[in-house]
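Given next are the chains, with one letter for each unit.
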Amino acid sequence: MTGKIALITGATAGFGEACAERFAREGYHLIVTGRREERLLQLQARLTADYGVQVHPLTFDVRHREAVETVLGGLPDVWKSIDVLVNNAGLALDLSPIDEGNPDDWDTMIDTNVKGLLYVSRVVMPWMRERRSGHIVNIGSTAAKTVYAKGNVYCASKSAVDALSQGMRIDLLPYGIKVTAVHPGAAETEFSLVRFKGDENKASAVYTGFTPLSGKDVADVVWYCCTLPPHVCINDLVITPTAQANAYYIQR
Ligand code: NDP
Ligand code: 8X3
């Protein structure tokens, strides 16, 4: 297979799906992952038809280390030459004061946003190391930069993504592997619907009174980070709607 390959986790919705569309448009072959297989198959059919690229869907839960190692680790050799890994799969659950937080929600956020990112990266990094080339883009959040009320564990999980991005950049330095952390602010995807466990009113209220980012806005920035010459690496990039100053201040 000739051409570049991108692996995008969490490609069944939001930023991941928009990144898949953008990278396919640019001619990348794609490995797309998520738990909702039907959506991955629809994405595969659409991107293959629209852009003529090859799309390899992988269905697994990033929290399950064995599944990540078996399913991702079992990729055919031709798909292991991954040029770009976008660690995007993630979520927030609820907004609650830390003394009233639900430990099951804490587990899910930490297991997905931190441990899932680690498990996926642990499989892919040696392939990049062997080729002495590659680019890892980790999706953090403005929540990594500014802690807000009731955001406690989600903010901590994204701070961990920030720290891990710095750690990866140091440890992968000898191999010429780029590591970029992209930290978006408020973006209207399925994120708030997931956070508020299907409550559409609560979810849409998050985005009233201002124009939020779209998945496409974030995908354009991720793509831009991947277009720079080999000697240039964007380390850390925060992108917000113009109406947002940080995770706390939004002009509505
Ligand atoms: P969406 O809910 O629209 O998409 C989340 C994606 O993550 C889905 O494809 C989902 O796939 C996948 N995912 C979630 N949990 C798992 C899991 N356990 N295993 C595998 N895949 C999983 O949200 P966004 O696109 O907005 O979010 C993408 C990333 O961006 C997240 O890391 C989020 O924290 C971050 N972010 C979002 C912001 C926003 O305002 N929207 C702002 C800043 C950061 P499936 O359900 O099929 O498994
Ligand atoms: C998502 C943005 O402000 O809901 O990471 O935490 S926020």
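Rules used throughout
Residues numbered from 1 in each chain as written. Chains lettered and ligands numbered in written order. Predicted model: local features only at pLDDT ≥ 70, side-chain atom pairs only at ≥ 80, totals over all residues. Heavy atoms only, no water. Salt bridge = Lys/Arg side-chain N within 4 Å of Asp/Glu carboxyl O. Buried < 20%, exposed > 50% of the residue type's maximum accessible area, 1.4 Å probe, protein only. Helix = DSSP H or I, 4+ residues; strand = E, 2+ residues; numbered from the N terminus. Core = buried A, V, L, I, M, F, W, Y, C linked by side-chain atoms within 4.5 Å. Contact = heavy atoms within 4.5 Å. Phe/Tyr/Trp six-rings, centres within 6.5 Å; stacked < 30°, edge-to-face > 60°. Axes fitted to C-alpha atoms, helices over the stretch in contact; angles between N-to-C directions. Parallel < 35°, antiparallel > 145°, perpendicular 65-115°, else oblique. Left-handed = near helix turned anticlockwise from the far one by under 90°. Nonpolar A, V, L, I, M, F, W, Y, C, P; charged D, E, K, R; others polar. Near = heavy atom within 4 Å. Polar contact = N/O pair within 3.5 Å; in protein donor to acceptor, adjacent residues only side chain to side chain. Areas by Shrake-Rupley, 256 points an atom, 1.4 Å probe, with all protein chains shown as cover.

Visitor: Describe the pattern of salt bridges, with residues and values.
Guide: According to the stated counting rule, one finds 15 salt bridges in the structure shown. In this structure, the salt-bridge partner of aspartate 61 is arginine 63, at a minimum N-O distance of 2.7 Å. Look at arginine 63 and you get partly exposed, because its relative accessible area is 27%. Two residues, lysine 115 and aspartate 111, come together in a salt bridge whose shortest N-O distance is 3.4 Å. With a gap of four residues between them, lysine 115 and aspartate 111 both fall in helix α4 (residues 103-131), about one helical turn apart. A relative accessible area of 33% places lysine 115 in the partly exposed class. Via salt bridges that share partners, Arg22, Glu26, Lys216 and Asp220 belong to a single interconnected network.

Visitor: Before we move on, can you summarise the nonpolar core with the specific residues and values?
Guide: Ranked by size, the top nonpolar core spans 35 residues in total, and within it Ile8, Phe23, Leu30, Val32, Val182 and Val222 carry the most contacts. Those elements giving two or more residues to this core turn out to be β1 (5-8), α1 (14-25), β2 (29-34), α2 (37-51), β4 (84-87), β5 (135-139), α8 (215-225) and β7 (236-239). Those residues in contact with phenylalanine 23 that lie beyond four places of it in its chain are Ala6, Ile8, Tyr28, Leu30, Val84, Val222, Trp223 and Cys226. Formed by 26 residues, the second largest nonpolar core is a distinct cluster that contains Leu7, Val68, Leu85 and Val161.

Visitor: Before we move on, can you summarise the packing of aromatic side chains with the specific residues and values?
Guide: Two descriptors summarise a pair of aromatic rings, namely the distance from one centre to the other and the angle between the planes of the rings. Counted by the stated rule, this structure contains five aromatic pairs. Measuring from centroid to centroid gives 5.1 Å for phenylalanine 23 and tyrosine 28, while their planes differ by 85°, and the two rings are edge-to-face. Summarising the burial analysis for this pair, phenylalanine 23 and tyrosine 28 share the class buried. Aromatic pair phenylalanine 23 and tryptophan 223: ring centres 5.0 Å apart, planes at 90°, arrangement edge-to-face.

Visitor: Run through the packing of helix α3 (residues 65-72) against α4, naming residues and quoting values.
Guide: Viewed as axis vectors pointing N to C, α3 and α4 meet at an angle of 30°, and their least axial separation amounts to 8 Å. Classified by the angle between their axes, α3 and α4 sit roughly parallel to one another. The two elements α3 and α4 cross, and the hand of that crossing is right-handed. Each of Arg65, Val68, Glu69 and Leu72 in α3 lies in contact with α4, whose residues at this interface are Tyr119, Val120, Val123, Val124 and Trp127. Here the contact of α3 with α4 is composed, by residue class, of seven nonpolar, no polar and two charged.

Visitor: Give me the packing of α1 against α8: which residues, what numbers.
Guide: Geometry of a packed helix pair, given as the angle between the helix axes and the separation of the axes. Two numbers describe how α1 lies on α8: the axes approach to 8 Å, and their chain directions differ by 55°. As summarised for this structure, α1 and α8 are arranged oblique, according to the angle between their axes. As α1 packs across α8, the resulting crossing turns out to be right-handed. Across the interface between the two elements, Phe15, Ala18, Cys19, Arg22 and Phe23 from α1 touch Gly215, Lys216, Val218, Ala219, Asp220, Val222 and Trp223 from α8.

Visitor: A description of the site of ligand 2 should follow, citing residues and the corresponding values.
Guide: Near ligand 2, the surroundings consist of Ser141, Ala143, Tyr148, Tyr154, Phe191 and Arg195. The side chain of tyrosine 154 places a nitrogen or oxygen atom 2.6 Å from an oxygen atom of ligand 2. Taking arginine 195, its side chain carries an N or O atom lying 3.3 Å from an oxygen atom of ligand 2. Coverage of ligand 2 by the protein chains reaches 84% of its 240 Å² of free accessible surface.

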